[in-house]
Amino acid sequence: MKTKFLFILFSLCFLIWGCTKKSDVLEFETTDPKALQPGVEWLLVESPYASCHENAGYDEDVTNHLRRGEIRMVKGNQTVKTDGIIEKWYLIDEGWMPDSSVHIYSNRLKAENAKKSLNM
């Protein structure tokens, strides 16, 4: 009798535990179809305030500014040599940004996770 009671109690607890909704469900951001597309890189601004330039290079006109934590899709890149220093620049919708102000990720999900770790 006692064994039957324990079996029923254990079965009931197992059934309740198995039917509850799990809170650790992974949800994908579907608003941007290229968020997880292979070959598309994403730029995360790590500088507190970064300038976008008309062309790759610090001497070029500034077209826009971005703040720390902003994420943009990379449209292209170029390596520029200025005063003996070689630096990679990335093209986004707002203009060109230097490698020293950003970090590049292989998909938007990685960039979003890295953004959470920035001290903002």
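Per chain, residue numbering runs from 1 following the sequence as it is written. In view of the model being predicted, local features appear only for residues whose pLDDT reaches at least 70, and side-chain atom pairs are presented and counted only at 80 or more, with totals across whole chains, interfaces and linings using the full set of residues. The side-chain figures draw on all heavy atoms in the structure; neither hydrogens nor water molecules are used.

Student: So what's going on with the environment of Glu 87? Residues and values would help.
Tutor: The topology assignment puts Glu 87 in strand β6 (residues 85-92). Sequence-wise, Glu 87 and Asp 99 are 12 residues apart; in three dimensions their C-alpha atoms are separated by 6.7 Å. Contacts are assigned to residue pairs with any non-hydrogen atoms lying within 4.5 Å of each other. Apart from residues no more than four positions distant in its own chain, Glu 87 is found in contact with Tyr 58, Gln 78, Thr 79, Val 80, Pro 98, Asp 99 and Ser 100. Residues adjacent in sequence count toward polar contacts only when both atoms are side-chain atoms; beyond that, a polar contact is any pair of N or O atoms within 3.5 Å, and within protein one must be able to donate a hydrogen and the other to accept it. In this structure the side chain of Glu 87 is engaged in a polar contact, spanning 2.8 Å, whose partner is the side chain of Tyr 58. Where helices and strands are cited, they refer to DSSP runs of H or I of at least four residues and of E of at least two residues respectively, numbered from the N terminus.

Student: So what's going on with the sheet that holds strand β4 (residues 71-73)? Residues and values would help.
Tutor: One open sheet holds the 3 strands; their spatial order is β4-β1-β8, and the pairing between them is antiparallel. Both edges of this open sheet fall to β4 and β8 (102-105), since each of them pairs with a single strand only. Put simply, the sheet's adjacent strands are angled 25° from each other on average, direction ignored. Strand direction decides the pairing type here: strand β1 (residues 42-45) and β8, joined by 4 bridges, are antiparallel. Across the sheet, Leu 43 pairs through a bridge with Ile 104, a residue of β8. If DSSP finds at least two bridges between two strands, the strands pair. To obtain an axis, a line is fitted to C-alpha atoms, over the contacting stretch when the element is a helix, and the angle between two such axes runs from 0 to 180 degrees between their N-to-C directions.

Student: Please provide a residue-by-residue account of the pattern of salt bridges, values included.
Tutor: Counted as salt bridges are all cases of a side-chain nitrogen of Lys or Arg within 4 Å of a carboxyl oxygen of Asp or Glu. Under the counting rule described, the total for this entry stands at 4 salt bridges. A salt bridge links Arg 72 to Glu 70, with the shortest nitrogen-to-oxygen separation between them at 2.7 Å. Put simply, Glu 94 and Arg 72 hold a salt bridge, and the shortest N to O gap is 2.7 Å. Here Arg 72 lies in strand β4 and Glu 94 lies in the loop between β6 and β7 (95-98), a separation of 22 residues in the sequence. Taken together, the shared-partner salt bridges connect Glu 70, Arg 72 and Glu 94 into one network.

Student: Explain the side chain of Ser 101 to me, and be specific about the residues and the numbers.
Tutor: If you trace the backbone, Ser 101 turns up in the loop between β7 and β8. Under the relative-accessibility criterion, Ser 101 is labelled buried at 12%. Aside from chain neighbours lying at most four places away, what touches Ser 101 is Leu 44, Val 45, Glu 46, Ser 47 and Ala 50. Think of it in three bands: with a 1.4 Å probe and only protein chains considered, a residue is buried below 20% of the maximum accessible area for its type, exposed above 50%, and partly exposed in between.

Student: Account for a negative patch on the surface, with residues named and values stated.
Tutor: On the surface, a cluster of negative charge is made up of Glu 54, Asp 59, Glu 60, Asp 61 and Asp 83. The topology assignment puts Glu 60 in the loop between β2 (49-53) and β3 (62-67). Like charges are joined within 9 Å and nonpolar side chains (Val, Leu, Ile, Met, Phe, Trp, Tyr) within 5 Å, but only among residues with over 30% relative accessible area and no salt bridge; these make up the patches. Note on areas: these come from Shrake-Rupley sampling with a 1.4 Å probe, and a residue is covered only by the protein chains present in the view. Charged residues are defined here as Lys and Arg on the positive side and Asp and Glu on the negative side; His and the ends of the chain fall outside this count. Charge placement uses NZ in Lys and CZ in Arg. For Asp and Glu, CG and CD serve respectively.

Student: For the packing of aromatic side chains, give the residues involved together with the corresponding values.
Tutor: Pairing of aromatic rings covers Phe, Tyr and the six-membered ring of Trp, with a centre-to-centre limit of 6.5 Å; geometry is then stacked below 30 degrees between planes, edge-to-face above 60, and tilted otherwise. Under the defined criterion, the tally for this structure stands at 1 aromatic pair. Their ring planes at 70° and their centres at 4.9 Å tell us that Tyr 58 and Trp 89 sit as a pair that is edge-to-face. Remark: Trp 89 occurs in strand β6 and Tyr 58 occurs in the loop between β2 and β3; sequence separation between them is 31 residues.

Student: Explain the environment of Leu 43 to me, using residue names and the numbers behind them.
Tutor: With respect to the helices, strands and loops of the structure, Leu 43 is situated in strand β1. The class of Leu 43 is buried, set by a relative accessible area of 0%. Along the chain, Leu 43 and Lys 75 lie 32 residues apart, while their C-alpha atoms are 10.0 Å from each other. In contact with Leu 43, other than residues within four places in its own chain, are Glu 70, Ile 71, Arg 72, Val 74, Tyr 90, Ile 92, Met 97, Val 102, His 103 and Ile 104.

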